[in-house]
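So you can see what is in the structure, the chains are spelled out below.
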Amino acid sequence: PSAAAEAQRLGGPRLSKLEKKALKRQKQAAHRLVWRQRAKQAAREQRAAVAAAKAAAVAAMSAEERKAHEEKELEERARLYQEKVAQTARIDAAYERGLRV
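Conventions used here
- Residues numbered from 1 in each chain as written.
- Predicted model: local features only at pLDDT ≥ 70, side-chain atom pairs only at ≥ 80, totals over all residues.
- Heavy atoms only, no water.
- Helix = DSSP H or I, 4+ residues; strand = E, 2+ residues; numbered from the N terminus.
- Rg over C-alpha atoms; globule rule 2.2 N^0.38 Å.
- Buried < 20%, exposed > 50% of the residue type's maximum accessible area, 1.4 Å probe, protein only.
- Areas by Shrake-Rupley, 256 points an atom, 1.4 Å probe, with all protein chains shown as cover.
- Lys, Arg positive; Asp, Glu negative; His and termini not counted.
- Charge placed at Lys NZ, Arg CZ, Asp CG, Glu CD.
- Salt bridge = Lys/Arg side-chain N within 4 Å of Asp/Glu carboxyl O.
- Expected span 1.5 Å × (residues − 1).
- Polar contact = N/O pair within 3.5 Å; in protein donor to acceptor, adjacent residues only side chain to side chain.
- Axes fitted to C-alpha atoms, helices over the stretch in contact; angles between N-to-C directions.
- Parallel < 35°, antiparallel > 145°, perpendicular 65-115°, else oblique.
- Contact = heavy atoms within 4.5 Å.
- Nonpolar A, V, L, I, M, F, W, Y, C, P; charged D, E, K, R; others polar.

### Overview of the overall build of the protein
Part 1: Regarding its fold elements, the protein presents 3 helices and 0 strands.
Part 2: Secondary structure elements of the protein occur, N-terminal to C-terminal, as α-α-α.
Part 3: At 27 Å, the protein has a C-alpha radius of gyration far larger than the 13 Å of a compact globule built from 101 residues.
Part 4: Seen through its principal axes, the protein has C-alpha atoms that stretch 75 × 50 × 10 Å.
Part 5: Counting every position in the protein, which comprises 101 residues, the buried fraction comes to 4%.
Part 6: About 9100 Å² of surface is accessible on the protein, with carbon and sulfur atoms providing 59% of the total.
Part 7: Distance from the positive charge centre (24 side chains) to the negative charge centre (13 side chains) of the protein: 18 Å.

### A look at the pattern of salt bridges
Part 1: In the structure shown here, the tally under the stated rule is 3 salt bridges.
Part 2: Through salt bridges with shared partners, a single network forms among Glu76, Arg79 and Glu83.

### What about helix H3 (residues 63-96)?
Part 1: Taking 1.5 Å as the rise per residue, H3 with 34 residues should run 50 Å; its terminal C-alpha atoms sit 49 Å apart, in good agreement.
Part 2: Once H3 finishes, Gly98 follows within two positions and takes phi at roughly 90 degrees, a positive value.

### Here's the deal with the environment of Glu73
Part 1: With respect to the element layout, Glu73 can be found in helix H3.
Part 2: For the pair formed by Glu73 and Leu15, sequence separation is 58 residues and the distance between their alpha carbons is 62 Å.
Part 3: Polar side-chain contacts of Glu73 include one of 2.8 Å to the side chain of Lys54.

### A short note on the environment of Glu96
Part 1: Mapped onto the secondary structure, Glu96 falls in helix H3.
Part 2: For Glu96, a relative accessible area of 70% corresponds to the exposed category.
Part 3: Along the sequence, Glu96 and Ala57 sit 39 residues apart, while their C-alpha atoms lie 47 Å from each other.

### Some details on the packing of helix H2 (residues 17-59) against H3
Part 1: Interaxial distance between H2 and H3 falls to 9 Å at its minimum, and their mutual angle equals 135 degrees. Compared by their axis directions, H2 and H3 come out oblique. For the pair formed by H2 and H3, the contact residues are Lys54, Val58 and Ala59 on the first element and Arg66, His69 and Glu73 on the second.
Part 2: Of the residues assigned to the contact of H2 with H3, the class counts are 2 nonpolar, 1 polar and 3 charged.

### Remarks on the environment of Ala29
Part 1: Assignment of secondary structure puts Ala29 in helix H2.
Part 2: The class for Ala29 is partly exposed, based on a relative accessible area of 37%.
Part 3: Separated by 60 residues in sequence, Ala29 and Ala89 have C-alpha atoms that sit 42 Å apart.

Shown next as structure tokens:
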């Protein structure tokens, strides 16, 4: 905390409106930082849980099932990639025609 905040806490001189606003902004920034860190940690834990569940499911599969699963995943990745390529081509064509995208 700043010297003004410490003085106020100890019963010192009153804070001006500007000082109060500055303190409020500092508290809000610290609060947002804490919540952002919590959200990131929760997302990390969620990703780890999903990865563990996926690894367990793959480990429980037979060799034929695993091969079919891997092929299905590769097909899905290829499909998503082709969708992205097509979208990029549509955007490029729109730019060439002078449209704003």
